[in-house]
Amino acid sequence: MIQEIIVLLIGLLVALIVIYKIYGFFFSKNEQKGSCGCSNCGCSPKKREVKY
């Protein structure tokens, strides 16, 4: 019985951490650099330097 409760608590903790990470990935405005959420793609408004 105790083992089942411990496994349930660990499972809930892991689920909460995964949900928090997914939410932070999609909805965090501080980490998004460009309009699409990435910093080095074609839709980024930042000017890129051409290296020869």
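Going by the structure above, here's the rest.
Throughout what follows, the structure given in this document is the object of discussion. Bear in mind that the values here come from a model prediction, so they are computed numbers and not experimental data. (Residues numbered from 1 in each chain as written. Predicted model: local features only at pLDDT ≥ 70, side-chain atom pairs only at ≥ 80, totals over all residues. Heavy atoms only, no water.)

1. Some remarks on helix H1 (residues 2–27)
- For H1, built from 26 residues, the straight-helix expectation of 38 Å at 1.5 Å per residue is met to within 8% by its first-to-last C-alpha distance of 37 Å.
- H1 sits mainly on the outside: zero of its 26 residues count as buried. (Helix = DSSP H or I, 4+ residues; strand = E, 2+ residues; numbered from the N terminus. Expected span 1.5 Å × (residues − 1). Buried < 20%, exposed > 50% of the residue type's maximum accessible area, 1.4 Å probe, protein only.)

2. What about a nonpolar patch on the surface?
- A surface patch of nonpolar side chains, amounting to about 1100 Å² of accessible area, comprises Ile2, Ile6, Ile10, Val14, Val18, Ile22, Tyr23, Phe25, Phe26 and Phe27.
- Residue placement: Ile2 occurs in helix H1.
- What makes Ile2 exposed here is its relative accessible area of 60%. (Patch = residues over 30% accessible without salt bridge, like charges linked within 9 Å, V, L, I, M, F, W, Y side chains within 5 Å. Areas by Shrake-Rupley, 256 points an atom, 1.4 Å probe, with all protein chains shown as cover. Salt bridge = Lys/Arg side-chain N within 4 Å of Asp/Glu carboxyl O.)

3. Re the packing of aromatic side chains
- Evaluation of the coordinates by the stated rule reveals two aromatic pairs.
- Taking the centre distance of 5.0 Å and the plane angle of 35° together, the rings of Tyr23 and Phe27 count as tilted. With Tyr23 and Phe27 both in helix H1 and four residues apart, the pair spans about one turn of that helix.
- Here Tyr23 falls in the exposed class, since its relative accessible area comes to 53%.
- Ring geometry for Phe25 against Phe26: centres 5.0 Å apart, planes inclined by 80°, an arrangement best described as edge-to-face. The burial state of Phe25 is the same as that of Phe26; both residues are exposed. (Phe/Tyr/Trp six-rings, centres within 6.5 Å; stacked < 30°, edge-to-face > 60°.)

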